[in-house]
Amino acid sequence: MNNPVRNIRCDKAAGTLTIIDQTLLPNEEREIRLETAQDVYDAIKLLRVRGAPAIGICAAYGLYVTALDLPEEEEAFWKGLEELAAYLNSSRPTAVNLSWAIRSMMDTAQAHRAEGRTAVLEALYERAVAIQEEDIAMCTAISRYGASLLKDGDGVLTHCNAGPLATSRYGTAQGALLMAAEEGKNIHVFADETRPLLQGARLTSYELQKGGVDVTLICDNMASIVMKNGWVQACFVGCDRVAANGDTANKIGTSGVAILARHYGIPFYVLGPTSTIDMDCPDGEHIPIELRSGDEIRSLWYEKPMAPEGVKCYNPAFDVTDHELITAIITEKGICRPPFSQSLAALFEKG
């Protein structure tokens with residue numbers, strides 16, 4: 001992939017963390033520096049960085065960078081580190097990569113505790129780098145597996161954004177599309193705009209255009225007609241959490257796409273790294289769903305509010321797609337097919 005997006009960068013010498021502010025895309029590509037725990041928390045909470053893998057990477061680097069300012073004294077240092085980890089972990093509840101990355105960083109810190117503060121900080125930095133490098137490798141493998149399911153001339157519908165901005169390099173669901181195009185397959189993508197935050201309009205169509213992929217932007221409520229017209233041969237979406245039975249949480253609207261795909265007999269694929277699989281979560285009923293401000297619906301993208309003042313809004317950030325609607329879950333370790341309770345568990349048995 002030529003000129004991959006560098007959405008998260010950590011300068012060890014300067015002790016700084018820099019991200020691309022995704023809220024400004026596609027009209028402005030601006031980097032912002034995250035210097036405090038509040039900066040990192042806000043970047044995740046306010047979607048300046050978003051996408052499950054990218055959130056995890058940002059949190060890992062964020063924990064390292066903010067730990068540099070903790071007191072020298074051992075007890076105060078560890079108390080502060082634990083508080084930072086808990087604070088950053090509370091920024092968004094649904095994406096399991098966030099808690100996974102924070103837990104991995106804290107496990108690393110504890111493993112080096114006896115070596116002193118300097119060694120702990122060095123280990124934290126190295127672990128954060130490893131998390132990012134592992135994600136690059138995972139996304140490349142996921143993209144390759146995903147692309148293998150596409151043939152020349154296919155139409156693909158995708159929902160939300162699961163490309164380089166949301167991950168490290170190719171992406172997950174979107175990575176398969178970029179990889180297929182690199183392999184010379186002539187595919188056409190329909191990108192749902194993804195209300196109310198418009199990740200599909202602002203980010204997916206932006207990245208696919210830059211990647212030379214033929215893309216058409218549609219409103220979310222147009223998915224049915226393009227499927228009925230025979231223009232879609234597969235649906236590819238990312239995920240923020242996968243339960244042990246194969247239920248998956250992804251951006252609000254994903255479950256509706258899956259239902260439509262089932263009606264029209266179209267394969268529905270979910271793509272994500274194994275770090276998004278939560279084997280301690282039995283099913284979708286146990287996945288916490290983040291509720292966001294109604295202002296995102298009422299007024300976020302408008303010069304003036306487009307809803308009556310004071311009207312109640314229900315604005316869940318995610319929904320859960322039932323495992324029975326999913327054709328396959330694609331990870332860096334391979335393609336899992338039903339029954340998912342067995343195929344997902346087998347991934348971890350292999351190590």
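Our structure's up above, just so we're on the same page.
1. Thoughts on the overall build of the protein chain
Thinking step 1. Each helix and strand in the protein chain was counted, giving 11 helices and 14 strands.
Thinking step 2. Expressed as a percentage of the 351 residues in the protein chain, the buried residues total 56%.
Thinking step 3. Look at the contacts in the protein chain between residues 6 or more apart in sequence, and 75% of them connect residues 24 or more apart.
Thinking step 4. Accessible area for the protein chain stands at about 15,000 Å²; split by element, carbon and sulfur atoms hold 50% of it.
Thinking step 5. Counting 32 positive and 47 negative side-chain charges, the protein chain places the averaged centre of each group 4 Å from the other.

2. Some remarks on the packing of helix α1 (residues 37-45) against helix α2 (residues 52-67)
Thinking step 1. The geometry of α1 relative to α2 is characterised by a closest axis approach of 9 Å and an angle of 170 degrees between their N-to-C directions. By the angle between their directions, the pair α1 and α2 is classed as roughly antiparallel. When α1 is examined against α2, the residues Ala 37, Val 40 and Ile 44 are found in contact with a partner set consisting of Ile 55, Cys 58, Ala 59, Gly 62 and Thr 66.
Thinking step 2. The residue inventory of the contact of α1 with α2, partitioned by class, reads six nonpolar, two polar and no charged.

3. Some points on the environment of Arg 337
Thinking step 1. With respect to the secondary-structure elements, Arg 337 resides in the loop between β14 (334-336) and α11 (340-349).
Thinking step 2. For the pair Arg 337 and Ile 326, spaced 11 residues apart in sequence, the C-alpha separation works out to 8.5 Å.
Thinking step 3. Excluding its chain neighbours within four sequence positions, the residues that come into contact with Arg 337 are Leu 149, Thr 327, Ala 328 and Ser 343.

4. Thoughts on the side chain of Asp 192
Thinking step 1. Of note, Asp 192 is situated in strand β5 (residues 188-192).
Thinking step 2. For Asp 192, the contacting residues outside a window of four places in its chain are Leu 157, Thr 158, His 159, Gly 200, Ala 201, Leu 217, Ile 218, Cys 219, Asp 220, Ala 223 and Val 257.

5. Description of empty space enclosed by the protein
Thinking step 1. Tallied over the full model, the rule gives four cavities of 30 Å³ or more.
Thinking step 2. Looking at the lining of the largest cavity, the elements with two or more residues in it are α2 and β9 (248-251).
Thinking step 3. Residue composition of the lining of the largest cavity, by class: 10 nonpolar, 10 polar and four charged.
Thinking step 4. Considered as a void within the structure, the second largest cavity measures approximately 50 Å³ in volume.
Thinking step 5. In terms of lining, the second largest cavity is formed by Pro 53, Gly 56, Ile 57, Asn 97, Trp 100, Ile 131, Asp 135, Met 138 and Ser 275.
Thinking step 6. Contributing elements (two or more residues each) for the lining of the second largest cavity: α2, α4 (96-111) and α5 (117-147).
Thinking step 7. For the lining of the second largest cavity, a count of residues per class yields five nonpolar, three polar and one charged.

6. Regarding the sheet that holds β14
Thinking step 1. Read across the open sheet, the seven strands follow the order β6-β5-β4-β7-β10-β13-β14; overall the sheet is mixed. The two strands at the open ends of the sheet, each matched to only one other strand, are β6 (214-218) and β14. Ignoring strand direction, the axes of neighbouring strands in this sheet form an average angle of 25 degrees.

7. So, the packing of aromatic side chains
Thinking step 1. Taken as a whole, this structure holds five aromatic pairs when the rule is applied.
Thinking step 2. Between Tyr 41 and Tyr 87 the ring centres are 4.6 Å apart and the planes differ by 10 degrees, which places this aromatic pair in the stacked class. Taken together, the residues Tyr 41 in helix α1 and Tyr 87 in helix α3 (residues 74-89) connect sequence positions 46 residues apart.
Thinking step 3. Among the residues examined, Tyr 87 registers a relative accessible area of 27% and is labelled partly exposed.
Thinking step 4. Measuring from ring centre to ring centre gives 6.1 Å for Phe 190 and Trp 231, while their planes differ by 10 degrees; the resulting arrangement is stacked. Of this pair, Phe 190 sits in strand β5 while Trp 231 sits in the loop between α8 (223-228) and β7 (234-237), and the two are 41 residues apart along the sequence.
Thinking step 5. Residue classification places Phe 190 among the buried positions, given a relative accessible area of 7%.
Thinking step 6. For Trp 231, a relative accessible area of 46% puts it in the partly exposed group.

8. As for α4
Thinking step 1. Across its 16 residues, α4 extends 22 Å between first and last C-alpha, which sits within 8% of the 22 Å expected from 1.5 Å per residue.
Thinking step 2. Within α4 the residues assigned to the buried category are Val 96, Asn 97, Leu 98, Ala 101, Ile 102, Ser 104, Met 105, Met 106, Thr 108 and Ala 109.

9. Things to note about the side chain of Ser 205
Thinking step 1. If you trace the backbone, Ser 205 turns up in helix α7 (residues 199-210).
Thinking step 2. Only 2.4 Å separates the side chain of Ser 205 from the backbone oxygen of Ala 201, close enough to count as a polar contact.
Thinking step 3. In this structure Ser 205 touches Gly 200 and Val 215, once residues within four positions along its chain are discounted.

Thresholds, definitions, all that
- Residues numbered from 1 in each chain as written.
- Predicted model: local features only at pLDDT ≥ 70, side-chain atom pairs only at ≥ 80, totals over all residues.
- Heavy atoms only, no water.
- Helix = DSSP H or I, 4+ residues; strand = E, 2+ residues; numbered from the N terminus.
- Buried < 20%, exposed > 50% of the residue type's maximum accessible area, 1.4 Å probe, protein only.
- Contact = heavy atoms within 4.5 Å.
- Areas by Shrake-Rupley, 256 points an atom, 1.4 Å probe, with all protein chains shown as cover.
- Lys, Arg positive; Asp, Glu negative; His and termini not counted.
- Charge placed at Lys NZ, Arg CZ, Asp CG, Glu CD.
- Axes fitted to C-alpha atoms, helices over the stretch in contact; angles between N-to-C directions.
- Parallel < 35°, antiparallel > 145°, perpendicular 65-115°, else oblique.
- Nonpolar A, V, L, I, M, F, W, Y, C, P; charged D, E, K, R; others polar.
- 1 Å grid on protein atoms, 1.4 Å probe; cavity = no way out; pocket = protein on both sides within 12 Å on 5 of 7 lines; lining within 4 Å.
- Points joined across faces, edges and corners; volume = space filled by probe spheres on them.
- Pairing = 2+ DSSP bridges.
- Phe/Tyr/Trp six-rings, centres within 6.5 Å; stacked < 30°, edge-to-face > 60°.
- Expected span 1.5 Å × (residues − 1).
- Polar contact = N/O pair within 3.5 Å; in protein donor to acceptor, adjacent residues only side chain to side chain.

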